[in-house]
Amino acid sequence: MHIKYWEELKKDTFGKIGLVLFLFFIVIVLIAPFITRDPQVQTALVFEAPSLEHLLGTNDVGQDIWSRLVWGARTSLLVAIGVGMLSTFLGALIGASAALIGGWYEEIAMRIIDAFLVIPTVILLILVAAFIRPSIWLLIVLISFLRWQGGARIIRSQTLSLKESVHISAAKSFGASRFYILFRHIIPDLAPILVVSFIYSARMAVFMEAGLAFIGITDPSVVSWGKMMHHALNFYYLDIWKWWLLPAGMALSALILVFAFLGYSLEKIMDPRLRKSNA
Amino acid sequence: MNLKRKITNYGIAFLIILSLNFLLPRLMPGTPLTAIYGEEVLVQMTPEFKASLIKRFALDEPLYKQFIFYIFSLFRGDLGYSYYQSGSVFQIILAHLPWTFLLVGFSLILSTIGGIILGIESGWRRGKITDKAILTGMMTLSGFPSFFMGIMLLLFFAVNLGLFPLQGARTPYADIYGIWLVLDVVKHFILPLAALVLVEVSGCYLLTRNTMIMTLRKSFILTAKAKGLPDKKVRYRHAGRNSLLPVVTRTGIKLGTAVTGALFIEIIFSYPGVGNLIYSSLLMRDYPVLQGTLLMVAIFVLAANFFVDLIYKKLDPRVQNAY
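Residues numbered from 1 in each chain as written. Chains lettered and ligands numbered in written order. Predicted model: local features only at pLDDT ≥ 70, side-chain atom pairs only at ≥ 80, totals over all residues. Heavy atoms only, no water.

S.K.: Go over the overall build of chain B with me, naming the residues and quoting the values.
M.R.: Per the secondary structure count, chain B includes 14 helices and two strands. Within the span of chain B, comprising 323 residues, buried residues form 50% of the whole. Taken as a whole, chain B presents about 15900 Å² of accessible surface, with 68% of it coming from carbon and sulfur. (Helix = DSSP H or I, 4+ residues; strand = E, 2+ residues; numbered from the N terminus. Buried < 20%, exposed > 50% of the residue type's maximum accessible area, 1.4 Å probe, protein only. Areas by Shrake-Rupley, 256 points an atom, 1.4 Å probe, with all protein chains shown as cover.)

S.K.: Break down the domain arrangement of chain B for me, with residues and values.
M.R.: What the domain assignment lists for chain B is domain 1 (3–78) and domain 2 (92–283). Computed from C-alpha atoms alone, the centre-to-centre distance between domain 1 of chain B and domain 2 of chain B is 37 Å. (Domains from an automatic or database assignment.)

S.K.: Summarise the interface of chain A and chain B; cite the residues concerned and give the values.
M.R.: Taken together, the contact between chain A and chain B spans 51 residues of the former and 60 residues of the latter. Buried surface at the junction of chain A and chain B, summed over both partners, amounts to about 5000 Å²; 77% is from carbon and sulfur atoms. Counting the surface chain A buries against chain B, the share from its top three residues, Arg111(A), Ile123(A) and Phe131(A), is 15%. At the boundary of chain A with chain B, the tally comes to zero salt bridges. Along the contact surface separating chain A from chain B lie two residue pairs in polar contact (both at pLDDT 80 or more). For the side of chain A that touches chain B, the element with the most residues is helix 12 (residues 245–270) of chain A, which contributes 11 residues. Residues belonging to the side of chain A that touches chain B are distributed by class as follows: 37 nonpolar, four polar and 10 charged. (Contact = heavy atoms within 4.5 Å. Buried area = accessible area lost by both parts, 1.4 Å probe. Salt bridge = Lys/Arg side-chain N within 4 Å of Asp/Glu carboxyl O. Polar contact = N/O pair within 3.5 Å; in protein donor to acceptor, adjacent residues only side chain to side chain. Nonpolar A, V, L, I, M, F, W, Y, C, P; charged D, E, K, R; others polar.)

S.K.: An account of the nonpolar core is needed here, citing residue identities and associated values.
M.R.: By size, the foremost hydrophobic cluster in this structure holds 143 residues, and its most contacted members are Phe214(A), Ile215(A), Trp225(A), Met229(A), Leu245(A) and Phe147(B). A per-element tally of this core places helix 12 of chain A first, with 14 residues. Both domain 1 (3–78) and domain 2 (92–283) of chain B contribute no fewer than three residues apiece to this core. Setting aside its immediate chain neighbours within four residues, Phe214(A) contacts Gly226(A), Lys227(A), Met229(A), His230(A), Leu233(A), Phe147(B), Ile151(B), Phe264(B) and Ile268(B). Residues Ile116(B), Ile120(B), Ile221(B) and Val247(B) belong to the second largest nonpolar core, which totals 10 residues. (Core = buried A, V, L, I, M, F, W, Y, C linked by side-chain atoms within 4.5 Å.)

S.K.: Mind laying out unusual backbone geometry, listing which residues take part and the relevant values?
M.R.: With phi around 40°, Arg133(A) is a residue other than glycine that occupies positive phi space. As for its placement among the helices and strands, Arg133(A) is situated in the loop between helix 6 (121–132) and helix 7 (136–147). Phi is positive for Ser270(B), which is not a glycine, with a value near 45°. Counting through the fold element by element, Ser270(B) comes out in the loop between helix 12 (255–269) and helix 13 (274–284).

Structure, rendered in structure tokens:
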């Protein structure tokens, strides 16, 4: 039942790459103010080629592309972590409470979950975002409200089976209190599922934010990789895409890959049939 | 999950989409007409035309009556009128749909076949160097967002090498017919299709590989091997075939993602499908077209999912529940 997730994750190649890259992104984002200049400031130096002064050159309004790339990571990570946490929280809250309370409450919750699961999320998101033109914070809330259902479903079924599992009844028979069981057994056993739910929501959120920015639905005050790519694509006939568009796209793909690798690796660890050490 | 429950689920989903579509423009600040038609248009309108529009959407009535009105006009196929493109929204969407169908259809077929074959070969050789190489390649592919994949193909093959046309689905104003027209369409089709297939293939591959690994543990595989069947037969006839089911059902469920992927890729290649229509209506703030298109796409995906859900049981008698 209790798998050493951390050990297993460090043993898995994809897990290792994912972890290292994730730490790399976190560090870059944290030290961003020290390694960049103001990403929004416009200068007369337009379309500069990469140099020591401007590591990735400048764009059409003279903004430093390297700085915009790094600050774009801030936006993407903010959306990823924000949506990951909020949607996992919503999923855990509704999924676990549905399992524990049951009755008509569970029935209604499940109906809503099932209905939302068949709705094409991105299309609905474009529709809503096109009308309300959300700020970055509102976007996090919006994506979360469209994305908690998958997690909720899994958390509910897991809680249901945990409720009936032997080690819980054993703890009960030893006179463990409800709180003790919740914190000592149910939450630790749900933790890996919560983490996987976090990772997949985060991955989806990074893609959605960039995608929306790419088609022009974006908060004008934030720097976003999607917006950079969209903007740079207008100048495809110049060589500038090599240090403008490509780094933005690569960074975006790398961040999505981080979550894909971590998710895949964790899923493999959780499914003993796929785990090699167990074969 | 019984049929009744399924129908209710889809019914609720349908209702959510409809209500959002109905409520969004009406909850926006300003008159609903501004949100429905955009500010620029409203300025140019004559008072008479404005009055006729208000009547058309029953905007002077209470909200619930407006909703009934809205539903009725939807069932008549009336999605509104585009002031920018001066045409019925329904007709405009119909003109764009075939290109998206073409793109989504072919990419689904190709990525499914490719994913299955690669998944079977990879799962069969689990842990070997070929498996590791394919797995790493596919995992990397799964990180690329559809629009970046499209951009890279466009920049490399169309801009740098000049092998393919930059945009569109046909050469504009070209006076060509018959086989040349077909060739022209194919030439424009290849890059968007390739981009979409590359994005889609990894999901199918990963699933096939996983089910393949599990199927290979079953005893009938051992029996097949013990009978002395050639490897290829065991791989495809026995293991492969039995790993297919989740993949086939997934293809239907994947439709939603495929359509979204196509939307982005169409924008990059200026491919004249609904994705491009959504994009141009976003730029023009042509809300009737935007709403109508998103509604039609959502309903289409919903219907396809429903269909797959229905035939799911028929494909495999062992499966009673989707979960």
